[in-house]
Amino acid sequence: MNLEKILIKHAPNTRPCGIRNIEAIQEIKNESGLNDSALAEALNELPHVSTVGGSNEIASIELDEGFPTK
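The present account deals with the structure reproduced in this document. (Residues numbered from 1 in each chain as written. Predicted model: local features only at pLDDT ≥ 70, side-chain atom pairs only at ≥ 80, totals over all residues. Heavy atoms only, no water.)

### Digging into the pattern of salt bridges
So, point 1. For the structure on display, the rule yields three salt bridges.
So, point 2. For the salt bridge of glutamate 31 with lysine 9, the shortest nitrogen-to-oxygen distance reads 3.2 Å. Taken together, the residues glutamate 31 in helix H2 (residues 22–32) and lysine 9 in helix H1 (residues 3–10) connect sequence positions 22 residues apart.
So, point 3. The class of glutamate 31 is partly exposed, set by a relative accessible area of 31%.
So, point 4. A residue is classified by how much of its surface remains accessible, and lysine 9, at 46% relative accessible area, is partly exposed.
So, point 5. Close ionic contact of arginine 20 with glutamate 62 constitutes a salt bridge, the shortest N to O distance being 2.9 Å. A residue pair is termed long-range when its members are at least 10 positions apart, and arginine 20 in the loop between strand S1 (17–19) and H2 and glutamate 62 in strand S3 (residues 57–63) qualify at 42 residues.
So, point 6. You can call arginine 20 exposed: its relative accessible area is 51%.
So, point 7. Using a relative accessible area of 19% as the deciding quantity, one classes glutamate 62 as buried. (Salt bridge = Lys/Arg side-chain N within 4 Å of Asp/Glu carboxyl O. Helix = DSSP H or I, 4+ residues; strand = E, 2+ residues; numbered from the N terminus. Buried < 20%, exposed > 50% of the residue type's maximum accessible area, 1.4 Å probe, protein only.)

Below you can see the structure in the form of structure tokens.
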């Protein structure tokens, strides 16, 4: 599954929004198969997506109004 589809699956259906639930972020990490630093790098390359936190731990994933909904 591609990263955008994984985010859509776990994100609320409104934009802008943030994915701040630790369990949801862990599921995104597990489904992507990436470690924290690789996931943060990949997320920050997507349009309309940014991450908050250090390279060793993602605290939240922020999606702005241009990111697709379900």
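Here the narrative resumes, following the displayed structure.
### Concerning the pairing of S3
So, point 1. Within S3, five of the seven residues are buried, leaving the element largely enclosed by the surrounding structure.
So, point 2. For S1 and S3, the ladder comprises three bridges, and the chain directions are antiparallel. Among the inter-strand pairings, glycine 18 is bridged to a residue of S3, identified as glutamate 62.
So, point 3. In terms of strand pairing, strand S2 (residues 49–54) meets S3 through six bridges, oriented antiparallel. Each bridged residue has a counterpart across the sheet, and for glycine 53 the counterpart in S3 is isoleucine 58. (Pairing = 2+ DSSP bridges.)

### Some points on H2
So, point 1. Every buried residue of H2 is listed here: Ala24, Ile25, Ile28 and Lys29. Down the axis, H2 shows its buried residues gathered within 140 degrees of arc, on one side only. Those residues of H2 that are exposed and aimed more than 90 degrees away from the buried face are Ile22, Glu23 and Asn30.
So, point 2. Residues of H2 that are buried sit in contact with H1, S1, helix H3 (36–45) and S3.
So, point 3. If you check the start of H2, you find a side-chain oxygen 2.8 Å away from the backbone N of glutamate 23, and it comes from asparagine 21. (Arc of directions from axis to C-beta. Contact = heavy atoms within 4.5 Å. Polar contact = N/O pair within 3.5 Å; in protein donor to acceptor, adjacent residues only side chain to side chain.)

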